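Understanding the architecture of this molecule
The chain contents come next:
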Amino acid sequence: MIPPLVDHLDSVTMERNDRLANLGIFGAAAVTWVLVVLVVTTRDPIIDPAAGFIGAALMGAAIGLTTIPVFWLVVFGRHRGITYRGDWMRAIRRGAWVGLVTTIFIVLRLQGALELPIALFILALVFVAEATLSVDR
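The sections below set out a description of the structure shown in this document. Computed from a predicted structure; not experimentally measured.

1. A word on the nonpolar core
- Core analysis: the biggest nonpolar cluster contains six residues, these being Ile 25, Ile 68, Trp 72, Phe 76, Trp 88 and Ala 91.
- Among the elements of the structure, α2 (49–78) and α3 (87–111) are those that each provide at least two residues to this core.
- In contact with Ile 25, not counting residues within four places along its chain, are Leu 65, Ile 68, Pro 69 and Trp 88.

Below is the structure:
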């Protein structure tokens, strides 16, 4: 006999507030992705230089918002379904890093200044900053 499916759902242990926060942030990311598609398909960065910066900011925001719940869910799963204090702030900070780095890379690419040493230096700065901020005290 097959046991009921409800017994095997992992989401039963997730708090309602955490679930709503994840869905809300994913919803905001979806709206931002729609704006990205709108800007990318209707504006040309060669004709309108501001369109490139607007698109870069929107892409960075969309990727950052998309990764926030993913970072939180990875930690939530690693902690076996337990949410610790600071998990959400850490996920938001890491999503902000991803969004910021994405925006910087896109702007540098638009300006023709993106090269491997610059990209590696930016990534190294982010990794050192995140490692410093993530130390448990």
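Anyway, onward from the coordinates.
2. Details of empty space enclosed by the protein
- The final tally for this structure, using the stated rule, is one cavity of 30 Å³ or more.
- Considered as a void within the structure, the largest cavity measures approximately 30 Å³ in volume.
- For the largest cavity, the full set of lining residues is Phe 71, Trp 72, Val 75, Asp 87, Arg 90, Ala 91 and Arg 94.
- Put simply, the parts of the chain that give the lining of the largest cavity at least two residues each are α2 and α3.
- The leading source of residues in the lining of the largest cavity is α3, at four residues.
- For the lining of the largest cavity, the class distribution of residues is four nonpolar, no polar and three charged.

Conventions adopted
- Residues numbered from 1 in each chain as written.
- Predicted model: local features only at pLDDT ≥ 70, side-chain atom pairs only at ≥ 80, totals over all residues.
- Heavy atoms only, no water.
- Core = buried A, V, L, I, M, F, W, Y, C linked by side-chain atoms within 4.5 Å.
- Buried < 20%, exposed > 50% of the residue type's maximum accessible area, 1.4 Å probe, protein only.
- Helix = DSSP H or I, 4+ residues; strand = E, 2+ residues; numbered from the N terminus.
- Contact = heavy atoms within 4.5 Å.
- 1 Å grid on protein atoms, 1.4 Å probe; cavity = no way out; pocket = protein on both sides within 12 Å on 5 of 7 lines; lining within 4 Å.
- Points joined across faces, edges and corners; volume = space filled by probe spheres on them.
- Nonpolar A, V, L, I, M, F, W, Y, C, P; charged D, E, K, R; others polar.

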